[in-house]
Protein chains: 2
Amino acid sequence: MTSAPKLSDQLCFAAYSFTHALNRAYRPLLEPLGLTYPQYLVMLVLWEADGQTVKEIGERLKLDSGTLTPLLKRLEAGGYVMRRRGKEDERQVIVHLTDEGRALSEKAAGIPVELGCAMGAELGEIAELRERLLSLRDRLSEAGCAVGEPEE
Amino acid sequence: MTSAPKLSDQLCFAAYSFTHALNRAYRPLLEPLGLTYPQYLVMLVLWEADGQTVKEIGERLKLDSGTLTPLLKRLEAGGYVMRRRGKEDERQVIVHLTDEGRALSEKAAGIPVELGCAMGAELGEIAELRERLLSLRDRLSEAGCAVGEPEE
DNA sequence: CGAAATCAAATTGCGCGCAATTTATATCGG
DNA sequence: CCGATATAAATTGCGCGCAATTTGATTTCG
């Protein structure tokens, strides 16, 4: 008798609802900066290395141009980045921080700390959890198309 | 000098991209059933207990009527559930499985197993990770409005 | 060189998630 | 009993995420 899978047993639901809770926790912290959470992630990528192409940003965040193009336009409208066609290769668009965008990193510096406190978890626990999630993510991505073949 | 937070240091990004990877892994498994991942979660809730109100489903999944109402309408259009106004309290809408919706649980029974294999993780590891994510989620939710007060 | 294949962004369409508002029903207090 | 309050869904508006397609530039190869 194949009983239905239980919600409470599922790692997937735990990850799903944890992510949403994180999103909700970030919202009030990011709102004063005029950023959504995915926009914040893009800014993190640019603070690490300015002048990346849409493709490079997408590889880092695992997002495609369908998501990034409108998001970057909103960041541009907000005055945090500038989008320029590449000079050598006109297919690509290079994203540069504005002065304002660079300056924003100072205001955002306290956010991870604050979130860490809200979770009340130790740095070591956080780090370990992070590694496990990234490793499972990569295994899932590798499995990728292999998922789905019947067992018999 | 307050340097910008690093993407790679962040638990939040790990959770974010793990969740998206899970979503992508579920997609090809759920597509033959005609379900999206959030729809699958709703079905999990109903397979455990049929005849719940929109509110009850929302409490279980941490979703509100703005998300659930259109989702449930699509499930109804797909023939898996029926939505009925409550007889005692006409404010609430009670969601019932159809025969087809109940039958679907058999086809979905293999999905968690398949995903577990794709992640190549042990049951114990999965269970532990799940508990930690749920516990952090709840701590985040409790902190809730407390998040955001300045430190000085 | 020039057509075909490849590649980077942009666009389109759809389903979430959630804040904010609206509608309809139920309950409470005077 | 009736108006005020509270509650459950539904609705509206916006920003993702992603599949699929389109547009325009570049590379490949005959």
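Scroll up for the structure.
Residues numbered from 1 in each chain as written. Chains lettered and ligands numbered in written order. Predicted model: local features only at pLDDT ≥ 70, side-chain atom pairs only at ≥ 80, totals over all residues. Heavy atoms only, no water.

1. Let's talk about helix H6 (residues 111-119) of chain B
Residues and elements named next belong to chain B.
Thought 1: Within the sequence span of H6, burial applies to Ile111, Leu115, Ala118 and Met119. Seen end-on, H6 carries its buried residues on one side only, within an arc spanning 95°. Exposed residues pointing more than 90 degrees away from the buried face of H6 are listed as Val113 and Cys117.
Thought 2: Downstream of H6 by a residue or two, glycine 120 has a phi angle that is positive, lying close to 60°. (Buried < 20%, exposed > 50% of the residue type's maximum accessible area, 1.4 Å probe, protein only. Helix = DSSP H or I, 4+ residues; strand = E, 2+ residues; numbered from the N terminus. Arc of directions from axis to C-beta.)

2. Structural notes on the protein's contact with DNA strand D
Thought 1: Around DNA strand D, the structure places 30 residues, and the nearest of them are Tyr16, Arg24, Thr69, Lys73 and Arg83 of chain B.
Thought 2: Backbone sugar and phosphate groups make up 75% of those atoms of DNA strand D lying within 4 Å of the protein.
Thought 3: Here threonine 36 of chain A contributes a side-chain N or O atom positioned 2.7 Å from a phosphate oxygen of DNA strand D.
Thought 4: Within the contact set of DNA strand D, a phosphate oxygen lies 2.6 Å away from a side-chain nitrogen or oxygen of tyrosine 16 of chain B. (Near = heavy atom within 4 Å. Polar contact = N/O pair within 3.5 Å; in protein donor to acceptor, adjacent residues only side chain to side chain.)

3. Comments concerning the packing of helix H2 (residues 37-48) of chain B against helix H5 (residues 99-108) of chain B
All names here are of chain B.
Thought 1: It is the contact of H2 with H5, at a shortest axis distance of 10 Å, that shows an interaxial angle of 110°. As far as their axial angle goes, H5 and H2 are roughly perpendicular. Along the contact surface, H2 presents Tyr40, Met43 and Trp47, while H5 presents Gly101, Arg102, Leu104, Ser105 and Ala108. (Axes fitted to C-alpha atoms, helices over the stretch in contact; angles between N-to-C directions. Parallel < 35°, antiparallel > 145°, perpendicular 65-115°, else oblique. Contact = heavy atoms within 4.5 Å.)

4. Some points on the interface of chain A and chain B
Thought 1: Opposite the 64 residues of chain A that make contact, chain B presents 64 residues.
Thought 2: Of the roughly 6,200 Å² buried between chain A and chain B on both sides combined, carbon and sulfur atoms contribute 69%.
Thought 3: Applying the counting criterion to the chain A and chain B interface returns two salt bridges.
Thought 4: In this structure, the salt-bridge partner of glutamate 128 of chain A is arginine 132 of chain B, at a minimum N-O distance of 3.6 Å.
Thought 5: The interface formed by chain A and chain B holds 13 residue pairs in polar contact (both at pLDDT 80 or more) in total.
Thought 6: Of all the elements in the fold, those that place two or more residues in the side of chain A that touches chain B are helix H1 (11-30), helix H2 (37-48), helix H3 (54-61), helix H5 (99-108), helix H6 (111-119) and helix H7 (123-143) of chain A.
Thought 7: The dominant element in the side of chain A that touches chain B, judged by the number of residues it contributes, is H1 of chain A, at 15 residues.
Thought 8: The residue inventory of the side of chain A that touches chain B, partitioned by class, reads 39 nonpolar, 10 polar and 15 charged. (Buried area = accessible area lost by both parts, 1.4 Å probe. Salt bridge = Lys/Arg side-chain N within 4 Å of Asp/Glu carboxyl O. Nonpolar A, V, L, I, M, F, W, Y, C, P; charged D, E, K, R; others polar.)

5. What to know about the nonpolar core
Thought 1: Membership of the largest hydrophobic core comes to 104 residues, with the highest contact counts inside it found for Tyr40 of chain A together with Tyr40 of chain B.
Thought 2: Sequence-distant contacts of tyrosine 40 of chain A, defined by excluding residues within four places in its chain, comprise Tyr26, Leu30, Leu35, Trp47, Ala108, Ile111 and Pro112 of chain A together with Pro5 and Gln10 of chain B. (Core = buried A, V, L, I, M, F, W, Y, C linked by side-chain atoms within 4.5 Å.)

6. Description of the protein's contact with DNA strand C
Thought 1: The immediate surroundings of DNA strand C are formed by 30 residues, with Tyr16, Arg24, Lys73 and Arg83 of chain A together with Thr36 of chain B found nearest.
Thought 2: Per the 4 Å cut-off to the protein, sugar and phosphate atoms form 78% of the nearby atoms of DNA strand C.
Thought 3: At 3.2 Å from a phosphate oxygen of DNA strand C is found a main-chain nitrogen or oxygen belonging to valine 54 of chain A.
Thought 4: Side-chain polar atom of serine 65 of chain A to a base nitrogen of DNA strand C: 2.7 Å apart, as the coordinates give it.
Thought 5: Counting residues per element, the ones that place at least two in the surface near DNA strand C are H1, H3, helix H4 (65-77) and strand E2 (81-85) of chain A together with H2 and helix H4 (65-77) of chain B.
Thought 6: Here the residues of the surface near DNA strand C are counted per class, giving six nonpolar, 10 polar and 14 charged.

7. Section: the packing of aromatic side chains
Thought 1: Scanning all chains against the criterion turns up 10 aromatic pairs over all chains.
Thought 2: Each ring, one from phenylalanine 13 of chain B and one from tyrosine 16 of chain B, has its centre 6.2 Å from the other, and the planes form 35°; the classification is tilted. Remark: tyrosine 16 of chain B and phenylalanine 13 of chain B occur in helix H1 (residues 11-30); sequence separation between them is three residues, near one turn of the helix.
Thought 3: Among the aromatic side chains, those forming a connected cluster through ring pairs are Phe13 and Tyr16 of chain A together with Tyr26, Tyr37 and Tyr40 of chain B. (Phe/Tyr/Trp six-rings, centres within 6.5 Å; stacked < 30°, edge-to-face > 60°.)

8. Quick notes on the pattern of salt bridges
Thought 1: For the coordinates displayed, the defined rule picks out 20 salt bridges over all chains.
Thought 2: Across the pair arginine 102 of chain A and aspartate 50 of chain A runs a salt bridge whose closest N-O atoms are separated by 3.2 Å. In this pair, arginine 102 of chain A sits in helix H5 while aspartate 50 of chain A sits in the loop between H2 and strand E1 (52-53), placing the two residues 52 residues apart along the sequence.
Thought 3: In this structure, arginine 83 of chain A engages glutamate 76 of chain A in a salt bridge whose closest nitrogen and oxygen atoms are separated by 3.2 Å.
Thought 4: Judged by its relative accessible area of 25%, arginine 83 of chain A is partly exposed.
Thought 5: One salt-bridge network, held together by shared partners, links Glu128 and Arg132 of chain A together with Glu128 and Arg132 of chain B.

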